[in-house]
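Given next are the chains, with one letter for each unit.
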Amino acid sequence: MTTAIDRTEFFQRVEEVLSEPHALDGDTQLSTVEGWDSLAFVTFIAMVDDSYGAAVSVQELLACKTAEDLAALVERGRQ
Amino acid sequence: MMRAAIREIAYYLPEGVVTNADLETDFPEWSMDKIESKTGICSRHIAAPGECSSDLAVQAAQRLFASGACDPTGIDYLLLCTQSPDYFLPTTACTLQQRLGMRTSAGALDFNLGCSGYVYGLGLAQGLIVSGQAERVLLVTAETYSKFIHNRDKSVRTLFGDAAAATLLAAVPEAEGSIPAPFVFGTDGRGAGNLIVPAGAFRKPPGPDTGRETSDEQGNVRSEEQLYMNGAEIFTFTLREIPDCVNRLLQKAKLTVADVDLFVFHQANQYMLEHLRKKMRLPAEKFCVFLRDCGNTVSSTIPIALKEARQSGQLQDGQRVMLVGFGVGYSWGATLLRWPNLELLASA
């Protein structure tokens, strides 16, 4: 069973999680994203649970540096 | 053998109120609308300086007595759930015996639980009644988390409100074929650090270091003697454990979601509740939400929601209700009752 997720769709969903508009791609450094805060973490966890059936740990979430890291985390969380 | 039934619920919210407009003034980076959309909360009641959990408890209990449900001398046993007691010792429940005018032949104890406390209290009360140790149990939940919260910590100040609720449970004759209410519980101490007041007791006694205020990455200010919450971890915990907890209870009772008339979850915040509800495919009309004007009142959210559901007509006699509490510890628990009886007919 493949767990790969569509990047374009995923980055769009992450953009919706943010309270401030911010266009994302795989190389985006999360530390530069204005709305990537503790509220966004909660919304992100809800979104990946809902849209991907993925459970992610908060520690791993905090360790993500780029948007691509987030996608990889969600893929791991689906296994 | 006797069974336990809920005879009356009363609650008390302290007079002080913090609105979202107040919070917007204190935290200009947050708007009133954002706070409401992310939490479902518009205002919280906050105890005055010197107003303790026990004072809120007395108010709630006196409202219950004023309803005519029971006289203080009719109480055999007082269970007080609080994490913000008056003293390390004596037990706050013992001081309440005197203040409420209960008999000296009554039992009284505190138990220290947060958002799961009401469900655990019902379990303890049922045990006391079914085993014949008491006929009338007063279960009081009372909390002043605001006293643990720094004014500059929006992560918790937006959510928590102070309150007390008093629930009278009484022995009722066993109906034919009736069984005591089913309970499921859960505990995971690995989550202890994610909702904690780290200092002030004996693991880390208060001192100059523990009183020093620091600012976190989000700009929230607190000392180690104040409440810290890792909201994302708490949310992850509820997503992991609560659906399973609900399913375990349904299996234990041999019921399905369709057999339950009303779900009353701990009112943590509306965003989290809505996500849990959708994840578990619970119908919105069977799902109780009441926190708009009181916030997350810790162990009092479930009795407050029950009382309000009763008054609004959402909760009717004979309905099957599931209560689910979860939070600090981690600790969680769930039970089913056939309102107002803490029992389900075996044949049902």
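For the structure, see preceding data.
Description of the structure in this document. Just so it is clear, the model here is predicted, and its values are computed rather than measured. Residue positions are given per chain, counted from 1 along the sequence in the order it is written. Each chain is given a letter, starting from A, and each ligand a number, starting from 1, according to the order in which they appear as written. Where totals are concerned, whole chains, interfaces and linings use all residues; where local detail is concerned, this predicted model gives features only for residues with pLDDT of at least 70, and gives and counts side-chain atom pairs only at 80 or more. Just so you know, side-chain values use all the structure's heavy atoms and leave hydrogens and water out.

Helix numbers and strand numbers start at the N terminus; a helix is a DSSP run of H or I with at least 4 residues, a strand a run of E with at least 2. When helices and strands are counted, chain A shows four helices and zero strands. Helices (α) and strands (β) of chain A occur, in sequence order from the N terminus, as α-α-α-α. The atom set for the radius of gyration is the C-alpha atoms, and the globule formula is 2.2 Å times the number of residues raised to the power 0.38. A compact globule built from 79 residues should have a C-alpha radius of gyration of about 12 Å, and chain A, at 11 Å, falls within 12% of that. Dimensions of chain A, computed from C-alpha atoms along their principal axes, come out at roughly 35 × 20 × 20 Å. Relative to its full complement of 79 residues, chain A shows a buried share of 51%. The rule is simple: take the accessible area with a 1.4 Å probe, protein chains only, and divide by the maximum for that residue type; under 20% is buried, over 50% is exposed, in between is partly exposed.

Looking now at the packing of helix 2 (residues 38-52) of chain A against helix 8 (residues 270-279) of chain B. It is at 11 Å that the axes of helix 2 of chain A and helix 8 of chain B come closest, and there the two elements cross at 10°. Of the possible angle classes, the one that applies to helix 2 of chain A and helix 8 of chain B is roughly parallel. Taking contact as the criterion, the partners of Val42(A), Thr43(A), Ala46(A), Asp49(A) and Asp50(A) in helix 2 of chain A are, on helix 8 of chain B, Tyr271(B), His275(B) and Lys279(B). The residue classification treats Ala, Val, Leu, Ile, Met, Phe, Trp, Tyr, Cys and Pro as nonpolar and Asp, Glu, Lys and Arg as charged. All others, Gly included, are polar. When grouped by side-chain class, the residues that make up the contact of helix 2 of chain A with helix 8 of chain B number three nonpolar, two polar and three charged. Note on geometry: axes are lines fitted to C-alpha atoms, helical ones only across the stretch in contact, with angles between N-to-C directions running from 0 to 180 degrees. Angles are sorted into four bins: roughly parallel if under 35 degrees, roughly antiparallel if over 145, roughly perpendicular if 65 to 115, and oblique for all others. Should any heavy atoms of two residues lie within 4.5 Å, those residues are considered in contact.

All names here are of chain B. Strand pairing is defined by DSSP finding a minimum of two bridges between the two strands. Taken in spatial order, the five strands line up as 1-7-6-4-5 in an open sheet, and their pairing is mixed. Where the open sheet ends on each side, the last strands, each with one partner, are strand 1 (2-12) and strand 5 (107-111). On average, each strand axis in the sheet is inclined to that of its neighbour by 20°, with strand direction left out of account. Bridge count for strand 4 (residues 77-81) against strand 5 is five bridges, and the pairing is parallel. From the neighbouring strand, Tyr 77 faces strand 5, where its bridge partner is Gly 107. Taken strand by strand, helix 3 (residues 53-66) contacts strand 1, strand 4, strand 6 (136-143) and strand 7 (163-173), and its axis lies near 115° from that of strand 1. Taken strand by strand, helix 5 (residues 117-130) contacts strand 1, strand 4, strand 5, strand 6 and strand 7, and its axis lies near 140° from that of strand 1.

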